[in-house]
Amino acid sequence: MIPTTPTPVVVKDGIANPAPLGLCAFGITTVLLNIHNAGFFELNAMILAMGIFYGGLAQVIAGIIEAKKNNTFGLTAFTSYGFFWLSLVALIVMPKLGWASKASEGAMCAYLGIWGFFTFCLFFGTLKLNRALQFVFGSLTVLFGLLVWGDATGSETIKHLAGYEGIICGLSAIYTGIAGVMNEVYGREVLPIGTV
C-alpha cells in the first residue's frame, strides 16, 4: 500500500481561526463549574485553575487573535468572557487571602446580572452568525438569570437547576468549537452549526 498524504488545511489570511479555542475554553470550564453548581462536587482547585488558565487566559488569547482577524464580535466575546473567568476566580480567592471582604449575595446578583445583560446584548449579534452560537448565547443568558435567581433567593434547588442548565450551555459551546475544527479540517460541514 502506498501511504496517502493528508490534504493540508488552507488558512486564507495566515492566521488560524481562534474561535474553536475560545469556544472550547469557555465550554469545558463552564461544564466543570456547573457540575459543581449542580451539586456533584465541591468548589475546588481544579475549577479555579480551569477558570484562570483555560476559561480565562485561553479565551483572552483567542480574543486577541480575533482582533488580528478584524472580528469585533469575537474580540469582544472572548476577551470579555476570559476576563469574566479571571474576575470570578478573584472573587473567590481574594477574600480567602484577606485582600477584600467576601461579595454579598446582593453584590453577586449585580455581578451576574450585568453579565447576563451583556450576554443578552451579544445574543443579538449571533442572529447574523449561526444557530449553534445562538443556542450558546441564549442558554448562557438563561444561565446568568438562573444564577441571579439562585443567589437572590438562596434556593439550592434553583442553584442546582442553574448547574444543569450550565452543563447544557457548556456542552453546546464545546460542540460549536469542535464543529469549527472538524469543518475546517475536512473542508466541508461535518458537524452542522445551522448557518444563517
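Quick caveat: nothing in here was measured; it's all calculated off a predicted structure. (Residues numbered from 1 in each chain as written. Predicted model: local features only at pLDDT ≥ 70, side-chain atom pairs only at ≥ 80, totals over all residues. Heavy atoms only, no water.)

Caption draft 1: The overall build of the chain, seen in detail. When its secondary structure is counted, the chain shows 6 helices and 0 strands. Ordering the α and β elements of the chain from the N terminus gives α-α-α-α-α-α. Here the chain has a C-alpha radius of gyration of 18 Å; the compact-globule value for 196 residues is 16 Å, and the two agree. Sequence separation of 24 or more characterises 67% of the internal contacts of the chain that already satisfy a separation of 6 or more. Within the structure as shown, the chain displays about 10,700 Å² of accessible surface, and the carbon and sulfur contribution to it stands at 71%. Positive and negative side-chain charges of the chain, numbering 9 and 9 respectively, have mean locations separated by a distance of 8 Å. (Helix = DSSP H or I, 4+ residues; strand = E, 2+ residues; numbered from the N terminus. Rg over C-alpha atoms; globule rule 2.2 N^0.38 Å. Contact = heavy atoms within 4.5 Å. Areas by Shrake-Rupley, 256 points an atom, 1.4 Å probe, with all protein chains shown as cover. Lys, Arg positive; Asp, Glu negative; His and termini not counted. Charge placed at Lys NZ, Arg CZ, Asp CG, Glu CD.)

Caption draft 2: Examining the layout of surface pockets more closely. Each pocket or cavity is described by its volume, and for the largest pocket that value is around 890 Å³. Along the wall of the largest pocket there are 29 residues; nearest its centre are His36, Asn37, Ile92, Met108 and Asp151. Looking at the lining of the largest pocket, the element that brings in the most residues is helix H3 (residues 72–96), giving 8 residues. (1 Å grid on protein atoms, 1.4 Å probe; cavity = no way out; pocket = protein on both sides within 12 Å on 5 of 7 lines; lining within 4 Å. Points joined across faces, edges and corners; volume = space filled by probe spheres on them.)

Caption draft 3: View of empty space enclosed by the protein. Under the defined criterion, the tally for this structure stands at 1 cavity of 30 Å³ or more. Roughly 50 Å³ of internal volume is contained in the largest cavity. Residue lining of the largest cavity: Leu33, Leu43, Ile47, Leu48, Gly51, Trp85, Leu88, Val89 and Ile92, and that is the complete set. Counting residues per element, the ones that place at least two in the lining of the largest cavity are helix H2 (45–68) and H3. Element by element, the count of residues in the lining of the largest cavity is highest for H3, at 4 residues. For the lining of the largest cavity, the per-class residue count stands at 8 nonpolar, 1 polar and no charged. (Nonpolar A, V, L, I, M, F, W, Y, C, P; charged D, E, K, R; others polar.)

Caption draft 4: Layout of unusual backbone geometry. Although it is not a glycine, Asn70 sits at a positive phi angle of roughly 60°. Mapping Asn70 onto the fold places it in the loop between H2 and H3.

Caption draft 5: Summary view of the packing of H3 against helix H4 (residues 105–126). Relative to each other, H3 and H4 sit at 165°, their axes nearing to 12 Å. Between H3 and H4, the crossing angle belongs to the class labelled roughly antiparallel. Helix-helix and strand crossings are classified by hand; for H3 and H4 the assignment is left-handed. Here Phe73, Thr76, Ala77, Ser80, Tyr81, Phe84, Ser87, Leu88 and Leu91 of H3 lie close against H4, whose contacting residues are Met108, Tyr111, Trp115, Phe118, Thr119, Leu122, Gly125 and Thr126. Partitioning the contact of H3 with H4 into residue classes produces 11 nonpolar, 6 polar and no charged. (Axes fitted to C-alpha atoms, helices over the stretch in contact; angles between N-to-C directions. Parallel < 35°, antiparallel > 145°, perpendicular 65-115°, else oblique. Left-handed = near helix turned anticlockwise from the far one by under 90°.)

Function cannot be read off these values alone, since they describe shape.
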